[in-house]
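Residues per chain, in single letters:
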Amino acid sequence: MSWNVSNNPAPWWRTLAFRLTAGYALAGLCLVFLATASLYLVLRTELEKSTDLFLVDKLHVVRTLLRERPQDWDGLREEIELESAARRYQQFYIRLLDEHNAPVLATPGMAEQLDLSRLASQTQSHPTRAFSMRGRHKQSFRVTTAPAEVGSPSTSTDTIEIAIDVSQQEALLARYRHWFWAILLGTLVIFPLVGYQIARHGIRPVEEIATTARHISSKNLRERILPEGYPFELASLARTFNEMLDRLEESFERISRFSADIAHDLRTPVNNIRGEAEVALARARTVDEYRDVLGSCLEEAVRLSELISDLLFLARAESPLTQLRREPVDVAELLDGVREYYEGSAQDGGISLTTAVDSQPVIAELDRNLVQRAVGNLVSNAVAHTPVGGSIVLGTALATAAEGSTVRIEVSDTGEGIPADALPKVFDRFYRVDTSRSKASGGTGLGLAIVQSIMVLHGGNVEIASQVGQGTRVTLRLPVAAAR
Ligand SMILES: Nc1ncnc2c1ncn2[C@@H]1O[C@H](COP(=O)(O)OP(=O)(O)O)[C@@H](O)[C@H]1O
Ligand SMILES: [Mg+2]
């Protein structure tokens, strides 16, 4: 036996635990990456959108003031200064340039925060768009510029610049990015660990099943798996495995009991022959005495050869190569033959032996010799177990069912019957209700086993019903036509 294959540890990348872990970790990582990255993008877009909306809104206010009250500089200044002062955390600055790009008006303190000459040159390169720009103290600004008509009808076209400090938002996004990488790194460490634990936990029952299987040999079929706490699929695997072991154990037991029985049954006649021969040879005998000894030796030899041919028959019947010699058989005629054969011994025992057959002929494709042997075994049992005055009836009938016609053969007697607890075992090899194996009651306990294997060969079955003190009925069912 070679366990090498299973004992060599598989390379780690081929283990189920590794594959599950890798799959789990990869899926987890992708999910976390997608979730955090998309949240980041949404957040950034939303912040930008709200800033741009604010800028457009301001632009609109200043434009309206310029168009409708072009001379009201105080109103304009007030508007710009007030709004700007109200916003402590998101400072914004407004500047107005005239047609010649000379500053007309600006939020106080703007020059300290922004490099105004750089702002002017940026404004010229993006006359109607929003752009980003750094302040003097490294702050981030979002700037929007637009032309504005002064007065209505317009007398000139000024340029408005609005800059808003977005450093807070930038800082928020930067913090978010840091967390993003930290979470990703954590995922990279934690997911494989958790995944590995989960995979190990899930695989443990499989390993336990493998360990049990490894311990099992023909001498140790006792081990079973305790599927407690197993997930459903593996519990059912373990149960199936246990059931298989039950069956194996049972058939191993049957085989070893069988060989012990064979040994016993072969030894008895051999010992008898030997004993008789030894006694006979111990001193000189008369011719009659020698004849007696030879006679009983012959009897034992016949018993022995019958036993051996029964055993051979059973062994052959189990081989898958066994072929039946099927031919159309008139079952009523076959039963008559059997009855004739056993008539003498039935008469000797004071038993009536009759056939009860339908008027219609029952013809089936059977192996004549084997079916004869099966019915013969049943009749010989009935004769052996029916007392004086009893009766034995052989019957047959056709039964038609959806699965095809079957022929039924029944052997019933009014004999001693079989106790209910023994009934399921009578088809076992060597099983006998009377275990004394006295020569008087005949057989070796193989008769019904042979009947059963003949039925199996034909694709039929056998049933037995019995009442102690009332009698026994054995029913054979055989398909009329051979299965193709
Ligand atoms: N017709 C029957 N009536 C009573 N007992 C029976 C009958 N047929 C079989 N048996 C019981 O079943 C046992 C097994 O039968 P069988 O296999 O033919 O073995 P054997 O006839 O060699 O004992 C018999 O020993 C007997 O106890
Ligand atoms: Mg028998």
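Computed from a predicted model, the values in this text were never measured in an experiment.

The rules behind each value
- Residues numbered from 1 in each chain as written.
- Chains lettered and ligands numbered in written order.
- Predicted model: local features only at pLDDT ≥ 70, side-chain atom pairs only at ≥ 80, totals over all residues.
- Heavy atoms only, no water.
- Near = heavy atom within 4 Å.
- Polar contact = N/O pair within 3.5 Å; in protein donor to acceptor, adjacent residues only side chain to side chain.
- Areas by Shrake-Rupley, 256 points an atom, 1.4 Å probe, with all protein chains shown as cover.
- Helix = DSSP H or I, 4+ residues; strand = E, 2+ residues; numbered from the N terminus.
- Nonpolar A, V, L, I, M, F, W, Y, C, P; charged D, E, K, R; others polar.
- Expected span 1.5 Å × (residues − 1).
- Buried < 20%, exposed > 50% of the residue type's maximum accessible area, 1.4 Å probe, protein only.
- Pairing = 2+ DSSP bridges.
- Axes fitted to C-alpha atoms, helices over the stretch in contact; angles between N-to-C directions.
- Contact = heavy atoms within 4.5 Å.
- Phe/Tyr/Trp six-rings, centres within 6.5 Å; stacked < 30°, edge-to-face > 60°.
- Lys NZ or Arg CZ within 6 Å of the ring centre and 35° of its normal.
- Core = buried A, V, L, I, M, F, W, Y, C linked by side-chain atoms within 4.5 Å.
- Domains from an automatic or database assignment.
- Salt bridge = Lys/Arg side-chain N within 4 Å of Asp/Glu carboxyl O.
- Patch = residues over 30% accessible without salt bridge, like charges linked within 9 Å, V, L, I, M, F, W, Y side chains within 5 Å.
- Parallel < 35°, antiparallel > 145°, perpendicular 65-115°, else oblique.

Asker: Mind showing me how you'd approach the site of ligand 1 here?
Answerer: Around ligand 1, the surrounding shell holds 17 residues, and the nearest of these are N381, D413, R432, G445 and L448. At 2.8 Å, a side-chain N or O of N381 approaches an oxygen atom of ligand 1. Contact with the protein chains hides 94% of the accessible area of ligand 1, taken as 530 Å² for the molecule alone. Looking at the shell around ligand 1, the elements with two or more residues in it are α10 (368-384) and α11 (447-458). When the residues that make up the shell around ligand 1 are grouped by side-chain class, the tally is seven nonpolar, eight polar and two charged.

Asker: Would you explain helix α8 (residues 287-318) in this entry?
Answerer: Think of an α-helix as 3.6 residues a turn; residues three or four steps apart then line up on the same face. In this model α8 runs 46 Å from its N-terminal to its C-terminal C-alpha over 32 residues, within 8% of the 46 Å that 1.5 Å per residue would give. Those residues of α8 that fall on the buried side of the exposure criterion are V293, S296, C297, E300, L304, L307, D310, L311, F313, L314 and A317.

Asker: Before we go on, may I ask you to explain the sheet that holds strand β10 (residues 404-413) in this structure?
Answerer: On the basis of which strands lie adjacent, the open sheet formed by five strands has the order β7-β9-β10-β12-β11 and mixed pairing. Every other strand in the sheet has two partners, leaving β7 (352-357) and β11 (461-467) as the edge strands with one partner each. Sheet twist, expressed as the average angle between the axes of neighbouring strands with direction ignored, equals 15 degrees. Sheet analysis places β10 next to strand β12 (residues 471-479), joined by eight bridges and oriented antiparallel. Paired with V407 across the two strands is L478, which belongs to β12. Here helix α9 (residues 331-348) sits on the sheet in contact with β7, β9 (391-401) and β10, set at roughly 175 degrees to β7.

Asker: Is there a simple way to think about the packing of aromatic side chains in this case?
Answerer: Think of a pair of aromatic rings as described by two things: how far the centres are apart, and how the planes are tilted against each other in angle. All told, the structure shown has ten aromatic pairs when counted by the stated rule. Just above the ring of F313 sits the side chain of R373; from NZ or CZ to the centre is 4.5 Å. Across from the ring centre of F258, 4.9 Å away, lies the NZ or CZ of R429, which sits over that ring.

Asker: When you look at the nonpolar core in this model, what are you seeing that I'm missing?
Answerer: For soluble globular proteins, the rule of thumb is that nonpolar side chains tend to be buried together. V375, V379, V407, I409, I464 and L476 are the most contacted members of the largest nonpolar core, which totals 52 residues. With eight residues, α10 is the single largest residue contributor to this core. Residue-level mapping places this core at the junction of two domains, with at least three residues from each of domain 2 (252-317) and domain 3 (324-479). Formed by 19 residues, the second largest nonpolar core is a distinct cluster that contains I80, F92, I94 and I164.

Asker: Is there a simple way to think about the pattern of salt bridges in this case?
Answerer: Pairing between side chains of opposite charge can happen when the charged atoms of each approach one another. A full pass over the atoms with the stated rule returns 20 salt bridges. The partner of R77 in a salt bridge is D74, with the nearest N and O atoms 3.5 Å apart. Here D74 and R77 lie together in helix α3 (residues 73-86), a separation of three residues that amounts to about one turn. We classify D74 as exposed; its relative accessible area is 55%. Bridged by salt links that share partners, the residues R222, R224, D246, E249 and E253 form one connected network.

Asker: Mind showing me how you'd approach a nonpolar patch on the surface here?
Answerer: On the surface, Y24, L185, L188, V189, I190, L193, V194 and I198 cluster together into a nonpolar patch covering about 760 Å² of accessible area. In terms of residue count, the dominant contributor to the nonpolar patch is helix α6 (residues 167-215) (seven residues). For V194, the location among the structural elements is in helix α6.

Asker: Help me understand the pairing of β10, please; the structure alone is not making it clear to me.
Answerer: Looking down a regular strand, the side chains alternate between one sheet face and the other. The pairing of β9 with β10 spans ten bridges and is antiparallel. Note on β10: the bridge partner recorded for T400 is S405. Here β9 folds back onto β10, and the loop between the two strands holds two residues.

Asker: I keep staring at the packing of α6 against helix α7 (residues 232-281) and nothing clicks. Help me out?
Answerer: Helix-helix packing: each pair is described by the crossing angle between the helix axes and the interaxial distance. Viewed as axis vectors pointing N to C, α6 and α7 meet at an angle of 10 degrees, and their least axial separation amounts to 10 Å. Taken as axis vectors, α6 and α7 run roughly parallel relative to one another. On α7, the residues that touch G202, P205, V206, I209, T212 and A213 of α6 are L234, L237, A238 and F241. Of the residues contributing to the contact of α6 with α7, the split by class is eight nonpolar, two polar and no charged.

Asker: How should I be thinking about the pairing of β12 in this particular structure?
Answerer: Bridge count for β11 against β12 is seven bridges, and the pairing is antiparallel. Looking at the pairing, N461 lines up with R477 of β12. Joining the antiparallel neighbours β11 and β12 is a turn of three residues, in which G469 adopts a positive phi near 85 degrees.

Asker: Can you help me understand the environment of I418 in this one?
Answerer: Topologically, I418 is positioned in the loop between β10 and α11. For the pair formed by I418 and V468, sequence separation is 50 residues and the distance between their alpha carbons is 5.4 Å.

Asker: Mind showing me how you'd approach the environment of R285 here?
Answerer: Among the secondary structure elements, R285 is positioned in the loop between α7 and α8. Filtering out sequence-adjacent residues up to four positions away, R285 remains in contact with V279, A280 and Y290. A polar contact of 2.5 Å, which involves the side chain of R285, links it to the backbone oxygen of V279. Of the polar contacts made by the side chain of R285, one reaches the backbone oxygen of A280; its length is 3.2 Å.

Interpretation note: all reported values are geometric properties and have no functional meaning in isolation.
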